[in-house]
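Descriptive analysis of the structure
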Amino acid sequence: MSAVMTGPGVPAGTVVRRCGIDEVFASPFIELIGLAPRNPVVRGLILAQTGKMPGPERDTFEQIKEWVETTCDKKSRSPNQPPVRAAEGITINVEFSETEYGRADYSVPRSGSDAFVLERSELLAFVREAIDAGDGLEEVVEKVASLIDEEAWDRCEPSLDDYGEYDYGDHDSNDSGETEIEFSKTQLRDRLLTFLRSRHPELLEELA
């Protein structure tokens, strides 16, 4: 059933959307919801990230998407990381995950997301280096992607929430963990291209 709101200026029966699903979840997690909307681990992660759980009657991606967009708020940025205007640089959505192994022979998965900020000066350094080497846009994308791979955990501050069950088993007795990140190279390429077209078209023309 659609969320319906009424009030001044809102026609009766109108569905009022508060945000887009991509303003609440990172794209890899949205894809996961689409693949397994009824999976209890996926739904538990929705609860962990929003503080709310979609009702059992919402068991398809479209139903969950509508629920998110009509009941949830946009994910706020880290308080220690000021927003970046498009004129200054670009941001790339990064999905973080880790599995902690504890001394009590347990493991627990965690997940969260944050925006990786690429300042204008960084982007221009990569672009000019590519131009000097006779490289093109794809080489710039690959070098920026390598930077994100190497520095995302140090430069971002994702709020990691536990999801799923604690697994008690035959794990390493020492405190340890495994970490992963995911991001879209397509998004990176598109935002880099938009940045160059709008701010430095002359450099875009020089890329091989």
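Described in the following lines is the structure provided in the data block. (Residues numbered from 1 in each chain as written. Predicted model: local features only at pLDDT ≥ 70, side-chain atom pairs only at ≥ 80, totals over all residues. Heavy atoms only, no water.)

Here we look at the overall build of the protein chain
The condition that has to hold: Per the convention used, a helix needs a DSSP run of H or I reaching at least four residues, while a strand needs a run of E reaching at least two, with both numbered from the N terminus. When a residue's accessible area, from a 1.4 Å probe over protein chains only, is under 20% of the maximum for its type it is buried; when over 50% it is exposed; and in between it is partly exposed. Pairs of residues are marked as contacts when any of their non-hydrogen atoms sit within 4.5 Å.
Helices and strands together make up the secondary structure of the protein chain, namely 7 helices and 5 strands. Counted from the first residue to the last, the protein chain has its helices and strands arranged as α-α-α-β-β-α-α-β-β-β-α-α. Taking all 208 residues of the protein chain together, 38% fall into the buried category. Restricting the contact set of the protein chain to residue pairs at least 6 apart, pairs at least 24 apart contribute 71%.

Considering the side chain of glutamine 187
With respect to the helices and strands, the residue glutamine 187 is situated in helix H6 (residues 185–199). Among residues more than four places away in sequence, those in contact with glutamine 187 are Ile92 and Asn93.

Regarding helix H5 (residues 137–155)
Put simply, the rule reads: One axis fitted to the seven residues ending at a residue, another fitted to the seven starting there: the angle between these axes is the bend at that residue.
Along its length, H5 reaches its greatest deviation from straightness, about 40°, at aspartate 149. Taken together, the buried positions of H5 are Leu137, Val140, Val141, Val144, Ala145, Leu147, Ile148 and Ala152.

A few points about the packing of aromatic side chains
To describe a pair of aromatic rings, one takes the distance between the centres and the angle between the planes. How we decide: For Phe, Tyr and Trp, rings pair up if their centres lie within 6.5 Å, where Trp contributes its six-membered ring, and each pair is then called stacked (planes under 30 degrees apart), edge-to-face (over 60) or tilted (otherwise).
Overall, the coordinates contain 1 aromatic pair when judged by the stated rule. Ring centres 5.0 Å apart and planes at 80° place the aromatic pair phenylalanine 25 and phenylalanine 29 in the edge-to-face group. Overall, the relative accessible area of 3% leaves phenylalanine 25 in the buried class.

Thoughts on the packing of H5 against H6
Worth spelling out the cut-off: Every axis corresponds to a line fitted to the C-alpha atoms, with the helix fit spanning only the stretch in contact, and the corresponding angles, defined between N-to-C directions, vary from 0 to 180 degrees. Note on terminology: angles under 35 degrees are roughly parallel, angles over 145 are roughly antiparallel, angles of 65 to 115 are roughly perpendicular, and the others are oblique. Whether a crossing is left-handed or right-handed is set by the direction in which the near helix is turned from the far one by less than a right angle, anticlockwise for left-handed and clockwise for right-handed. Three classes are used: nonpolar for Ala, Val, Leu, Ile, Met, Phe, Trp, Tyr, Cys and Pro, charged for Asp, Glu, Lys and Arg, and polar for all others, with Gly counted as polar.
The N-to-C vectors of H5 and H6 enclose an angle of 120°; their axes lie 10 Å apart at closest approach. Taken together, the axes of H5 and H6 are oblique relative to one another. As for how H5 packs across H6, the hand of that crossing is right-handed. Contacts between H5 and H6 pair Leu137, Glu138, Val140, Val141, Glu142, Val144, Ala145 and Ile148 from the former with Lys185, Leu188, Arg189, Leu192, Leu193 and Leu196 from the latter. Grouping the amino acids of the contact of H5 with H6 by side-chain chemistry returns 10 nonpolar, no polar and 4 charged.

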